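# Structure assessment
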Amino acid sequence: MKPWRFVVAFLFVALAALFGSFGARAESPIEFRVGYQKNGVLVIARQQAVLEKRLAQYGVVVKWLEFPSGPPLLDAMNAGSIDFGTTGDTPPIFAQSAAAAILYVAGQPITNGQAIIVPSNSTVRSVADLKGKRVGFMKGSSAHNIVVTALENAGLTYSDITPVYLSPPDASAAFARGSIDAWAIWDPYFAAAEKRQGARVLVRAQDVVQTNSFFLANREFARRSPQVLRDAIEALAETASWGETHRDEVAKSLAEVTGVDLDIQTVAAERSSFAIGRVTDDLIKTQQAVADRFHRLGLIPKPIVVREAVW
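Reading guide: rules and limits
- Residues numbered from 1 in each chain as written.
- Predicted model: local features only at pLDDT ≥ 70, side-chain atom pairs only at ≥ 80, totals over all residues.
- Heavy atoms only, no water.
- Helix = DSSP H or I, 4+ residues; strand = E, 2+ residues; numbered from the N terminus.
- Buried < 20%, exposed > 50% of the residue type's maximum accessible area, 1.4 Å probe, protein only.
- Contact = heavy atoms within 4.5 Å.
- Areas by Shrake-Rupley, 256 points an atom, 1.4 Å probe, with all protein chains shown as cover.
- Pairing = 2+ DSSP bridges.
- Axes fitted to C-alpha atoms, helices over the stretch in contact; angles between N-to-C directions.
- Arc of directions from axis to C-beta.
- Phe/Tyr/Trp six-rings, centres within 6.5 Å; stacked < 30°, edge-to-face > 60°.
- Expected span 1.5 Å × (residues − 1).
- Salt bridge = Lys/Arg side-chain N within 4 Å of Asp/Glu carboxyl O.
- Core = buried A, V, L, I, M, F, W, Y, C linked by side-chain atoms within 4.5 Å.
- Parallel < 35°, antiparallel > 145°, perpendicular 65-115°, else oblique.
- Left-handed = near helix turned anticlockwise from the far one by under 90°.
- Nonpolar A, V, L, I, M, F, W, Y, C, P; charged D, E, K, R; others polar.

## A word on the overall build of the protein chain
When its secondary structure is counted, the protein chain shows 13 helices and 10 strands. Seen along its three principal axes, the alpha-carbon backbone of the protein chain occupies a region of about 95 × 45 × 30 Å. By the burial criterion, 51% of the 311 residues in the protein chain qualify as buried. Pairs at least 24 residues apart make up 78% of the contacts formed inside the protein chain by residues separated by at least 6 positions. Of the accessible surface of the protein chain, which amounts to about 13,900 Å², a share of 55% is contributed by carbon and sulfur atoms.

## A word on unusual backbone geometry
Put simply, Asp187 and Pro188 share a cis peptide bond, and its omega is 5°. Along the chain, Pro188 falls in the loop between β8 (182–186) and α8 (189–197). One non-glycine residue with positive phi stands out, namely Ala49, at about 55°. Relative to the assigned elements, Ala49 resides in the loop between α2 (41–48) and α3 (50–55). The phi torsion at Ala99 lies on the positive side, around 60°, for a residue other than glycine. Inspection of the secondary structure puts Ala99 in the loop between α5 (90–97) and β4 (102–109).

## Concerning the sheet that holds strand β3 (residues 84–88)
Within the open sheet, the five strands sit side by side as β2-β1-β3-β10-β4. Their pairing is mixed. Edge positions in the sheet fall to β2 (61–66) and β4, since each has one partner strand and no second. When strand polarity is set aside, the average angle formed by the axes of neighbouring strands in this sheet is 25°. Judged from the five bridges that link them, β3 and strand β10 (residues 212–218) form a sheet pairing that is antiparallel. Bridge assignment links Gly88 to a residue of β10, and that residue is Ser213.

## Looking at the sheet that holds strand β9 (residues 200–204)
Strands sit in the order β7-β6-β8-β5-β9 across an open sheet of five strands; the sheet is mixed. Two strands lie at the open edges of the sheet, namely β7 (162–165) and β9, each paired on one side alone. Averaged over all pairs of adjacent strands, the angle between their axes in this sheet comes to 30°, without regard to strand direction. Taken together, the four bridges between strand β5 (residues 114–118) and β9 define a ladder with antiparallel strand orientation.

## What about helix α12 (residues 262–270)?
Among all positions in α12, only Ile264, Gln265, Ala268 and Ala269 are buried. The buried residues of α12 occupy one face: seen down the axis, they fall within an arc of 135°. In the core, the buried residues of α12 are packed alongside α8 and α11 (247–258).

## A few points about the packing of aromatic side chains
Inspection of every chain in the model, using the stated rule, returns nine aromatic pairs. Seen in terms of ring centroids, Phe94 and Phe294 are 5.5 Å apart; in terms of plane orientation they differ by 80°. Their pairing is edge-to-face. In this pair, Phe94 is assigned in helix α5 and Phe294 in helix α13 (residues 281–296), connecting sequence segments 200 residues apart. For the residue pair Phe94 and Phe294, the accessibility class agrees, reading buried in each case.

## Side note on α13
For α13, which comprises 16 residues, the first-to-last C-alpha distance of 22 Å matches the rise-based estimate of 22 Å (1.5 Å per residue) to within 8%. Those residues of α13 that fall on the buried side of the exposure criterion are Leu283, Ile284, Thr286, Gln287, Gln288, Val290, Ala291, Arg293 and Phe294. At its buried positions, α13 is contacted by α5, β4, α6 (142–153) and β10. In the stretch just after α13, Gly298 is the one whose phi turns positive, near 75°.

## Digging into the pattern of salt bridges
Oppositely charged side chains may form a pair once their charged atoms are brought near each other. Per the stated rule, a full pass over the model turns up 13 salt bridges. One salt bridge in this structure joins Glu220 and Arg223, with 2.5 Å as the shortest N-O distance. With Glu220 and Arg223 both in helix α9 (residues 219–224), this residue pair falls three residues apart, about one helical turn. A salt bridge links Asp281 to Arg307; the shortest N-O distance between them is 3.4 Å.

## Thoughts on the nonpolar core
By size, the foremost hydrophobic cluster in this structure holds 63 residues, and its most contacted members are Tyr104, Ile116, Ile117, Leu130, Val147 and Trp183. For this core, the element with the most residues is α6, which contributes six residues. Ignoring sequence-local partners within four residues, the contact set of Ile116 consists of Ile146, Val147, Ala150, Ala182, Trp183, Ala184, Arg200, Val201, Leu202 and Val203. One finds Val34, Tyr36, Trp64 and Val250 within the second-largest nonpolar core, a separate group that totals 35 residues.

## Here's the deal with the packing of α5 against α13
Two elements in contact, α5 and α13, have axes separated by 10 Å at closest approach and are oriented at 60°. When the axes of α5 and α13 are compared, the pair comes out oblique. Considering only the axes of α5 and α13, their crossing is right-handed. From α5, Thr90, Pro92, Ile93 and Phe94 reach across to α13, where they touch Gln287, Val290, Ala291 and Phe294. Of the residues in the contact of α5 with α13, the class split is six nonpolar, two polar and no charged.

What follows is the structure, encoded as structure tokens:
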């Protein structure tokens, strides 16, 4: 090869490698912005720096943002303010009905960490007794689905109660001062109400309806960085598996990250299910039934097809 041709070939290879390197870096985001609540696998992962360790190979920096409930978390995801997060079953339905840019990327069963509760001295003894009562819960949250289904099972309609839409912190205060007659809520708020306010369980979610939690991602993020997303889910699944057999340590992690007292997070950890898996046909079917119920009641404006939002 003539010297000038060798130089040209060398420069071509060098430039290709350089631009290929830039392209690889562009494939991964600078930040992986994770929305979490005061419970679950994401809290454990944050405390143990699970995602930071797994995603370091891509040069990704993990940023954690706490939310009081699922609806504002998915609002942020749709706006592009976060890339990934977890919620109960109902928030994604409201989000999908509003054409939000979200995708279901993994599923998780919920056991008995949710309930409708009443004050210990309440005369309400059954769901049927909620007729004419003020029931607090976060609109569009998993608690919303529990209320709707519990009422139907008891032969009541949504119009038989006065729904009071409150965030968990506001509902906790309202419950304490007697401004609401019942409260549909999840851990650790549920456990806190039991231990600090003497709340009595009216009905547990598991006795009303099959409930699930989901990990979701911003649609554009999933398109742009699928390998980062796959690695994150795999790392979280490993963390979930560890959590199933280390509940005392899980409680400590939950308390440390969230600031919620250890005795409360211990109750939450003991009755939680951490296992994470793919979004199966059964999960989709169950989620579709929730969506259909909410449309039938006029709580979402149009019917949706859950499967269309599955990654």
